[in-house]
Amino acid sequence: MTGIRSEIALMSNFDNMIIRQRKWMLYWLAILVLCAGFLPYTRILLGLILGSSVSLYNLWLLQYKSNQLGETIAAGRKARSGLGTFSRMTAAILAVVIAMRFEAYFHLYAVIFGIVSSYVIMALDFIFYQIIVYKRGEDRPL
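Since we're looking at a predicted model, the values are computed, not measured. (Residues numbered from 1 in each chain as written. Predicted model: local features only at pLDDT ≥ 70, side-chain atom pairs only at ≥ 80, totals over all residues. Heavy atoms only, no water.)

Participant: Looking at this model, I keep getting lost on the pattern of salt bridges. Mind explaining?
Facilitator: Working definition: two side chains of opposite charge can pair if their charged atoms are close together. As enumerated under the stated definition, the model contains one salt bridge in all. A salt bridge links Asp125 to Arg20, with the nearest nitrogen and oxygen atoms 2.7 Å apart. Of this pair, Asp125 sits in helix 4 (residues 108-136) while Arg20 sits in helix 1 (residues 2-38); the two residues are 105 residues apart in sequence, bridging distant segments of the chain. For Asp125, a relative accessible area of 8% corresponds to the buried category. Residue classification places Arg20 among the partly exposed positions, given a relative accessible area of 22%. (Salt bridge = Lys/Arg side-chain N within 4 Å of Asp/Glu carboxyl O. Helix = DSSP H or I, 4+ residues; strand = E, 2+ residues; numbered from the N terminus. Buried < 20%, exposed > 50% of the residue type's maximum accessible area, 1.4 Å probe, protein only.)

Participant: Teacher, can you tell me more about the environment of Leu48 here?
Facilitator: Relative to the assigned elements, Leu48 resides in helix 2 (residues 42-74). Here Leu48 falls in the buried class, since its relative accessible area comes to 11%. Residues Leu48 and Phe113, 65 residues apart in the sequence, show an inter-C-alpha distance of 6.9 Å. Setting aside residues no more than four positions away along its own chain, Leu48 makes contact with Leu32, Ala110, Val111, Phe113 and Gly114. (Contact = heavy atoms within 4.5 Å.)

Participant: When you look at the side chain of Ser117 in this model, what are you seeing that I'm missing?
Facilitator: Its location among the elements puts Ser117 in helix 4. When residues no more than four places from it in sequence are discounted, the contact partners of Ser117 are Met25, Trp28, Ser52 and Ser55.

Right, here's the structure in full:
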């Protein structure tokens, strides 16, 4: 019985992690849009918005594919698909190509930093979550 409860708790933690990370990405995008509207650094901020939008798509795709892979393995079936690495790389390359084509509107380095932003958010979410879990004494941090 404890095995089933721990599996349910793990799925709940995974779902909560997905919700937290997407929420933080949407907050990041909202801050960037507000800054682009009020600050004079529009080219840099538009580059960050483009890169972060692609990063949000990549985050969603990674989480979706991870969930599918986990369900497939939990059901005892053989995994037939990967985690969408090619699709995520293609989206990142497309954002860089757009930034290079429309150089007057998008700052290339800002686009690249925006693409990496979801990985920064995932790392920060992991660190903050481990600190909170450790302070509550619920579980040992990883």
